Amino acid sequence: TTEIYTLSLHDALPISMRSCGIAAQTIMLAAKSMGFDSNPMIGFDPQKIAEIINLPDDHIISMLMAIGKQIKPAMPRGGQLPLSDIVFTDGFSS
C-alpha cells in the first residue's frame, strides 16, 4: 500500500479533505450532544482568512464552522430531494 506521507499534494489533497470532513462532522455531532448548534460555512475567501490567521504556507483551510447557540430558527433549505430518491437499501431497483 502507498503511504499517505509519500503522496504528492495532488494525490494527498482529496484524502486530506475527506478526513477533514469526517472530523468536522464529529465536531458538529459532539457540539450538538453538548447543547450547541453548528453550521459549516461556504462563500468565504480562504486566502483572506489565511492572511488574517497567519496560516503557514504548508497548511490549507478545509472549511470554516460556526459553533454556538441558535438565536432564531434556521432558514428553510430549498432543493432537497426526498430520502427515498437518494437512499437505497438492499440494492437498486431495475
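This write-up is about the structure you can find in this document. (Residues numbered from 1 in each chain as written. Predicted model: local features only at pLDDT ≥ 70, side-chain atom pairs only at ≥ 80, totals over all residues. Heavy atoms only, no water.)

**So, the overall build of the protein chain**
Condition: Numbered from the N terminus, helices here are DSSP runs of H or I no shorter than four residues, and strands are runs of E no shorter than two. It is over C-alpha atoms that the radius of gyration is taken, and the globule rule equals 2.2 Å times the number of residues to the power 0.38. Whether a residue is buried, partly exposed or exposed follows from its accessible area with a 1.4 Å probe, protein chains only, as a fraction of its type maximum: under 20%, in between, or over 50%, in that order. A contact between two residues is defined here by any heavy atoms of the two lying within 4.5 Å. Surface accessibility follows the Shrake-Rupley procedure with a 1.4 Å probe radius. Residue values consider only the protein chains on display as shielding. In this tally Asp and Glu are treated as negative and Lys and Arg as positive; neither His nor the chain ends contributes. The atom standing in for a charge is NZ when the residue is Lys, CZ when it is Arg, CG when it is Asp and CD when it is Glu.
Along its length, the protein chain carries three helices and two strands. Listing each helix as α and each strand as β along the protein chain from the N terminus yields α-β-α-β-α. In terms of overall size, the protein chain is more extended than a compact globule, its C-alpha atoms giving a radius of gyration of 18 Å where 94 residues would be expected to give roughly 12 Å. With 94 residues in all, the protein chain has 5% of them scored as buried. For the protein chain, restricting intrachain contacts to residue pairs at least 6 apart in sequence, the fraction spanning at least 24 positions comes to 67%. Summed over all atoms, the accessible surface of the protein chain reaches about 8500 Å², with 61% contributed by carbon and sulfur. Here the protein chain contributes 6 positive and 9 negative side-chain charges, whose respective centroids are spaced 15 Å apart.

**Structural notes on the packing of aromatic side chains**
Threshold: For this analysis, a ring pair means two rings from Phe, Tyr or Trp (six-membered ring only for Trp) whose centres lie within 6.5 Å, classed as stacked if their planes differ by under 30 degrees, edge-to-face if by over 60, and tilted for the remaining angles. Geometrically, a charge over a ring is one whose NZ (Lys) or CZ (Arg) sits within 6 Å of the ring centre while staying within 35 degrees of the ring normal.
Within the structure shown, the criterion is met by one aromatic pair. Residues Phe88 and Phe92 carry aromatic rings whose centres are separated by 4.8 Å and whose planes lie at 45° to one another, so their mutual orientation is tilted. A relative accessible area of 46% means that Phe88 is categorised as partly exposed. Using a relative accessible area of 67% as the deciding quantity, one classes Phe92 as exposed. Its end group placed over the ring of Phe36, Lys69 keeps NZ or CZ at 5.1 Å from the ring centre.

**Remarks on helix α2 (residues 46–53)**
Helical geometry note: an α-helix holds 3.6 residues per turn, so side chains three or four residues apart project in the same direction. Which entries qualify depends on this criterion: Throughout this description, a polar contact denotes any pair of N or O atoms lying within 3.5 Å of each other; where both atoms belong to protein, one of them has to be capable of donating a hydrogen while the other can accept it, and for residues adjacent in sequence the pair is counted only when both atoms sit in side chains.
Sitting at the head of α2, Asp45 places a side-chain oxygen 3.0 Å from the backbone nitrogen of Gln47. Taken from the residues just after α2, Asn54 is the one with a positive phi, measuring 60°.

**Quick notes on unusual backbone geometry**
The backbone of Asn54 sits at a positive phi, close to 60°, despite the residue not being glycine. Here Asn54 is to be found in the loop between α2 and β2 (64–68). Taking relative accessible area as the criterion, Asn54 reaches 65% and is therefore assigned exposed.

**What about a nonpolar patch on the surface?**
As a reminder, the rule being used: Put simply, a patch holds well-exposed residues, over 30% relative accessible area, that have no salt bridge, with like charges counted together within 9 Å and Val, Leu, Ile, Met, Phe, Trp or Tyr side chains within 5 Å. Salt bridges are defined by distance alone: a side-chain nitrogen of Lys or Arg within 4 Å of a carboxyl oxygen of Asp or Glu.
Taken together, the side chains of Leu9, Leu13, Met17 and Ile60 define a hydrophobic patch exposed on the protein surface, amounting to about 370 Å² of accessible area. Within the secondary structure layout, Leu9 lies in helix α1 (residues 9–33). Residue classification places Leu9 among the exposed positions, given a relative accessible area of 66%.

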